[in-house]
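Here are the chains, one letter per residue:
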Amino acid sequence: MNRIVQNERGMALAVAIFALVIVGALVAGALFAGTQEQRVGDSSRRLQQSFGVAELGVYDVVRTWDPVTYNQRGAYPTDSVALPNALLPTGRTPRNSGSYGGYVYRLNDNLYLIDVTGHDTVSGAGGNGGSGRARQRVGLLTRIKVLQLNVQASLTTGNSDALSGQATVDGTDHIPPGWPSCGALGPSLAGVRSDQGTTVDTSGSARIIGTPPVMIDPSVSDTTFSRFGDVSYSQLAARANLTLGSQNFSSSIGPVVTNGVCDKTVLTNWGDGANPTQPCGGYFPIVHITGDATINGVQGQGILLIDGDLNVQGGFQWFGITIVQGTLKTSGGGSTDAHFWGATMVHDSVAFGTNTLSGHANINYSSCALMQALNNTGVVAPMRSRGWVQLF
């Protein structure tokens, strides 16, 4: 038989090329799969990071809540408060792990929605047109946590009281003149609520009106004037918008409007309770006087804290809550109907003497002024149940 020899020259090169193609495809596939896994993992990490930033932004708003900024704005959809822009340095997190921004919406007198969008660091640096942006949007429902005041009378005192002239303490619920209706009037409270062993004397045309006119309550103690639920007097004073030293305030106390806007930078601007529809009518500051104060006009509203004695002269009017740690003395009153609308508390712990009200000086209970002061000065707290939701 003839032996036929086949020429197989070049076969090894073809096999090698085929093997390289197969290996290259496998390597490319593995690289593609690995790259995709890395991208998915990185996107998940940055998505979770942006969610954490949004959550931090929400609770940072709760932690730094400013009642003047948020409580005294219009209700949604007519008004809202913008938080720092998420792409600006003002909205960045402390460790620069991201940035956030959004809005605070006032839904009603007590309910607020905090809407925050969080961005991770890469997204924040990439701008609005950056690729691969990761962001999360979170909404949190919060409610106003008002000060817990045990108001059972128009005037609550820890010492004896003396009324003379035309002074009147009235526990009947009132709506201040010119104020819109706050709903149905509440029940009549006591005129004066005082500690056991104290006396309440009247002379001349002075009157005490209420149900009953005078309530001697042994539960009245130091904590009545220094502890309000879980908030102490010192903690409340630390939240004050205006802190002023002991002084004699003349008729300079009153609203200040600059270019049609309430100027809250003026230390003697304590709101405009006499004209609630004016620019300063929605301004309810917490005013803290660190000593004795003599006030001779004109008006203010909110929460008034006096560490020492308060001497009111002329026609000064206050709408809201008054807490005096010393004694209260009034004289005159001019043509005004009352010095105080809301709830008045006088501890008399600094100068142990008699709280004296004389002249045309009235103290009227007003649930409307009381609730307006509480709602506009309270801080917020998250809802007890699940109050947050992921927004898209």
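Anything mentioned here points back to the structure above.
Read on for an overview of the structure. All of these numbers come straight from a predicted model, not from anything done at the bench.

## Here we look at the packing of aromatic side chains
Thinking step 1. Overall, the coordinates contain 8 aromatic pairs when judged by the stated rule.
Thinking step 2. Considering the side-chain rings of Phe-319 and Trp-341, the 6.4 Å spacing of their centres and the 5° angle between planes classify their relative orientation as stacked. Residue Phe-319 is located in strand E22 (residues 317-324), and its partner Trp-341 is located in strand E24 (residues 340-346); the two are separated by 22 residues in the primary sequence. Accessibility classification places Phe-319 together with Trp-341 in one group, the buried group.
Thinking step 3. Three or more aromatic residues joined by ring pairs form one cluster here, namely Trp-65, Tyr-70 and Tyr-112.

## Some thoughts on helix H6 (residues 367-377)
A turn of α-helix holds 3.6 residues, and therefore any two residues three or four places apart point the same way.
Thinking step 1. Summarising burial for H6: 9 of the 11 residues are buried, a large majority.
Thinking step 2. Within the sequence span of H6, burial applies to Ser-367, Cys-368, Ala-369, Leu-370, Ala-373, Leu-374, Asn-375, Asn-376 and Thr-377.

## With respect to the nonpolar core
Thinking step 1. Formed by 33 residues in total, the largest nonpolar core has its most connected members in Phe-249, Trp-270, Ile-289 and Leu-310.
Thinking step 2. Taken together, the elements giving at least two residues each to this core come down to strand E14 (242-244), strand E18 (286-289), strand E19 (293-295), strand E20 (299-306), strand E21 (310-312), E22 and E24.
Thinking step 3. Not counting chain neighbours up to four residues away, the residues in contact with Leu-310 comprise Ala-293, Ile-295, Thr-322, Val-324, Thr-327, Leu-328, Lys-329 and Phe-340.
Thinking step 4. Listed in part, the 22 residues of the second largest apolar core include Val-231, Ile-323, Ala-343 and Tyr-365.

## Some remarks on the pairing of E20
Across a regular strand the side chains alternate sides, sitting on one face of the sheet and then on the other.
Thinking step 1. Along E20, 8 of the 8 residues are buried, which leaves the element largely enclosed by surrounding structure.
Thinking step 2. Bridge analysis of E18 against E20 gives 4 bridges, and the strand direction is parallel. The residue of E20 that forms the bridge with Val-287 is Leu-304.
Thinking step 3. Where E20 lies against E22, 8 bridges are found, and the strand directions are parallel. Paired with Ile-303 across the two strands is Ile-321, which belongs to E22.

Cut-offs applied
Residues numbered from 1 in each chain as written. Predicted model: local features only at pLDDT ≥ 70, side-chain atom pairs only at ≥ 80, totals over all residues. Heavy atoms only, no water. Phe/Tyr/Trp six-rings, centres within 6.5 Å; stacked < 30°, edge-to-face > 60°. Helix = DSSP H or I, 4+ residues; strand = E, 2+ residues; numbered from the N terminus. Buried < 20%, exposed > 50% of the residue type's maximum accessible area, 1.4 Å probe, protein only. Core = buried A, V, L, I, M, F, W, Y, C linked by side-chain atoms within 4.5 Å. Contact = heavy atoms within 4.5 Å. Pairing = 2+ DSSP bridges.

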